[in-house]
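One letter stands for each residue in the lines below.
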Number of protein chains: 2
Amino acid sequence: MSYPLFIKMALDSWYSKIRDTNKLLEKISDDQLAQEVAPGRNRGTYLLGHLLAVNDKMLTLLNLGERIYPELDDIYLDNPDRTKAEKNTAAELRQKWHEINAILADHFDKLSPEEWLQKHMAVSTEDFEKEPHRNRLNVLLNRTNHLSYHQGQLAFLKP
Amino acid sequence: MSYPLFIKMALDSWYSKIRDTNKLLEKISDDQLAQEVAPGRNRGTYLLGHLLAVNDKMLTLLNLGERIYPELDDIYLDNPDRTKAEKNTAAELRQKWHEINAILADHFDKLSPEEWLQKHMAVSTEDFEKEPHRNRLNVLLNRTNHLSYHQGQLAFLKP
C-alpha cells in the first residue's frame, strides 16, 4: 500500500524501533535476560513480557481482533516483577514477541489511511468528535515511545 | 496555530515526553543526577548533557538558527562519559535544558505545516525528492523516541 507521508513516517518509526529491539535481544542470552537490568529494577524477562503484553493489547485497542495472550497481563502488566509465578521461559517470550509483532504487521498492512485515522477503542465516539487526534495512529506513536523507553533499559543487559 | 492532525499528534508526543522528563528530573537531586544510572553506565549528568546537546543540534538540523551550546558536543555527544572535563554543574545543565527547550518551542510555534514537511539539513535536495519523508517532522519523531530511550534510563536515578 502506498501510504500518505505521515502514515509512512509513523510506521517507519515503529518498525525501526522493533528492528532495533530485535537486534538488541539477539545480543542478550536467555540467562542475561533473566537478570535485573539495574540493581533492584525489573528483570529483562519482565520487560520483554511487558512489551509483549502491550503489543498483544494493541489488537483490541486498535480493534483489529481478539487478543492472543491475554493471560500475560496479570504477570507483566497488572503486577510488579516477581510477584506472580512466571509461565513462560525466556525462549517462549522471545518466540511470542516475534509472533505478535508479525500478527500486528499483517493487520497494519491492511489498514487504509482512513482506518489509521479512525478512533481507537479507549475513546468514546463523543470525545473523539472533539479530539480527533485520539486515533489508531496516535496509539502507534505512543507505543513507539513506550518501546523506546524500555529498550533503553534492556540495553543495560548487553554484555 | 491550528495544525493538521498529524503535525499536532507529533508535537503533542514531543511535548508530552519533554514534560515527563521534566517531572522525572524534579524528583532527582543534583547529587543523584551525578550518579551512574546503572553500574558502569553513563551518569545522569552525562545523559542530560547528551539530551541537551541533541536538542541544541536540532536548531541547525531543522534550519531554525544558530546553535546556542555547540561546545557541549565534545563532552556529551562525540566522546563517552568521563573522558572529557565537564564545564557545567548539574544545576547549569538543568537550566540550559529548559532554556533550549523553550527556544525550540518558540521556533516550533512559528513553523507552518508546509515548513514542517520541508527537508531537514542532513538530506540533499536530490535525495529528498526521492525520500520526502526525510523532513523536519520526521526528525521530531526520531528525537521523541531518542528522548524516551534515555528517559527510561534516567528513571533509575529516581529514589
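Residues numbered from 1 in each chain as written. Chains lettered and ligands numbered in written order. Predicted model: local features only at pLDDT ≥ 70, side-chain atom pairs only at ≥ 80, totals over all residues. Heavy atoms only, no water.

Focus: the relation of the copies chain B and chain A
Right, so step 1: Once chain B has been moved 0.0 Å along the axis and rotated by 180°, it coincides with chain A to within an RMSD of 0.0 Å. On this basis, the relationship between the two copies can be described by a two-fold rotation axis. Judged by C-alpha distance, Tyr-149 of chain B is the residue of chain B that lies nearest the rotation axis, at 2.1 Å.
Right, so step 2: A shared binding surface is used by both copies, with 100% of the interface residues of chain B retained as interface residues in chain A. (Least-squares fit on C-alpha atoms with pLDDT ≥ 70 in both. Contact = heavy atoms within 4.5 Å.)

Let's talk about the packing of aromatic side chains
Right, so step 1: Per the stated rule, a full pass over the model turns up 8 aromatic pairs over all chains.
Right, so step 2: Summarising the aromatic geometry, the rings of Phe-6 of chain A and Phe-6 of chain B are spaced 4.8 Å apart at their centres and angled 25° between planes, so their arrangement reads as stacked. One end of the pair, Phe-6 of chain A, is in helix H1 (residues 5-26); the other, Phe-6 of chain B, is in helix H1 (residues 5-26), on a second chain.
Right, so step 3: When its relative accessible area of 25% is taken as the criterion, Phe-6 of chain A is described as partly exposed.
Right, so step 4: Counting every residue linked through ring pairs, the aromatic cluster contains Trp-14, Phe-108 and Trp-116 of chain A. (Phe/Tyr/Trp six-rings, centres within 6.5 Å; stacked < 30°, edge-to-face > 60°. Helix = DSSP H or I, 4+ residues; strand = E, 2+ residues; numbered from the N terminus. Buried < 20%, exposed > 50% of the residue type's maximum accessible area, 1.4 Å probe, protein only.)

Topic: the nonpolar core
Right, so step 1: In terms of nonpolar packing, the biggest core is built from 91 residues, with Phe-108, Trp-116 and Leu-140 of chain A together with Phe-6, Phe-108, Trp-116 and Leu-140 of chain B touching the most fellow members.
Right, so step 2: Excluding residues that lie within four positions of it along the chain, Phe-6 of chain B makes contacts with Phe-6, Met-9, Ala-10, Leu-137 and Leu-141 of chain A together with Leu-137 and Leu-141 of chain B. (Core = buried A, V, L, I, M, F, W, Y, C linked by side-chain atoms within 4.5 Å.)

Considering the interface of chain B and chain A
Right, so step 1: Listed by partner, the interface residues are 29 residues for chain B and 29 residues for chain A.
Right, so step 2: For the pair chain B and chain A, the number of links is 0 salt bridges.
Right, so step 3: Secondary-structure elements contributing two or more residues to the side of chain B that touches chain A are H1 and helix H8 (136-154) of chain B.
Right, so step 4: With 10 residues, the single largest contributor to the side of chain B that touches chain A is H8 of chain B.
Right, so step 5: Taken together, the residues that form the side of chain B that touches chain A break down as 14 nonpolar, 10 polar and 5 charged. (Salt bridge = Lys/Arg side-chain N within 4 Å of Asp/Glu carboxyl O. Nonpolar A, V, L, I, M, F, W, Y, C, P; charged D, E, K, R; others polar.)

Some remarks on a positive patch on the surface
All names here are of chain A.
Right, so step 1: The grouping of Arg-19, Lys-23, Lys-27 and Lys-158 at the surface amounts to a positive patch.
Right, so step 2: The residue Lys-27 is located in the loop between H1 and helix H2 (30-33) in this model.
Right, so step 3: Take Lys-27: its relative accessible area is 52%, and that puts it in the exposed class. (Patch = residues over 30% accessible without salt bridge, like charges linked within 9 Å, V, L, I, M, F, W, Y side chains within 5 Å. Areas by Shrake-Rupley, 256 points an atom, 1.4 Å probe, with all protein chains shown as cover. Lys, Arg positive; Asp, Glu negative; His and termini not counted. Charge placed at Lys NZ, Arg CZ, Asp CG, Glu CD.)

Some remarks on the environment of Leu-11 of chain B
Residue and element names in this part refer to chain B.
Right, so step 1: Looking at where Leu-11 falls in the secondary structure, it is placed in helix H1.
Right, so step 2: Assessed through its relative accessible area of 6%, Leu-11 is described here as buried.
Right, so step 3: Along the backbone, Leu-11 and Ala-53 are 42 residues apart, and their C-alpha atoms lie at a distance of 20 Å.
Right, so step 4: The contact partners of Leu-11, leaving out residues within four places of it in the chain, are Tyr-3, Phe-108, Trp-116 and Leu-140.

Points about the side chain of Asp-73 of chain B
Right, so step 1: Along the chain, Asp-73 of chain B turns up in helix H4 (residues 72-76).
Right, so step 2: Among the residues examined, Asp-73 of chain B registers a relative accessible area of 10% and is labelled buried.

What to know about H8 of chain B
In an α-helix, one full turn covers 3.6 residues, which means residues spaced three or four apart are oriented alike.
Residue and element names in this part refer to chain B.
Right, so step 1: In a regular helix each residue adds 1.5 Å, so 19 residues correspond to 27 Å; H8 covers 27 Å between its end C-alpha atoms and thus fits that length.
Right, so step 2: With 15 of 19 residues buried, H8 lies mostly within the body of the structure.
Right, so step 3: In this structure Asn-135 caps H8, since a side-chain oxygen of it lies 3.2 Å from the backbone nitrogen of Leu-137. (Expected span 1.5 Å × (residues − 1). Polar contact = N/O pair within 3.5 Å; in protein donor to acceptor, adjacent residues only side chain to side chain.)

Looking at the side chain of Asp-81 of chain B
Right, so step 1: Position of Asp-81 of chain B among the secondary structure elements: in the loop between H4 and helix H5 (90-110).
Right, so step 2: Setting aside residues no more than four positions away along its own chain, Asp-81 of chain B makes contact with Asn-42, Arg-43 and Tyr-46 of chain B.

Notes on the pattern of salt bridges
Right, so step 1: Scanning the model with the defined rule gives 24 salt bridges over all chains in all.
Right, so step 2: Here Asp-127 of chain B makes a salt bridge to Lys-130 of chain B, at a shortest N to O gap of 3.7 Å. One end of the pair, Asp-127 of chain B, and the other, Lys-130 of chain B, are both in helix H7 (residues 125-130), 3 residues apart, so they sit about a helical turn from each other.
Right, so step 3: What you see here is one network of salt bridges that share partners, running through Glu-36, Arg-43, Asp-81, Arg-82 and Glu-86 of chain A.

Considering helix H3 (residues 44-61) of chain A
Residues and elements named next belong to chain A.
Right, so step 1: The end-to-end C-alpha distance of H3, which contains 18 residues, comes to 25 Å, matching closely the 26 Å that a straight helix rising 1.5 Å per residue would cover.
Right, so step 2: Of all 18 residues making up H3, 16 are buried, and the element is well covered by its neighbours.
Right, so step 3: Of the residues one or two after H3, Asn-63 is the one with positive phi, at around 60°.

Brief notes about the environment of Leu-47 of chain A
All names here are of chain A.
Right, so step 1: Along the chain, Leu-47 turns up in helix H3.
Right, so step 2: C-alpha of Leu-47 to C-alpha of Leu-77: the two residues are 30 residues apart in sequence and 9.6 Å apart in space.
Right, so step 3: When near neighbours in sequence (up to four residues on either side) are disregarded, Leu-47 contacts Val-37, Asn-42, His-150, Gln-153 and Leu-154.

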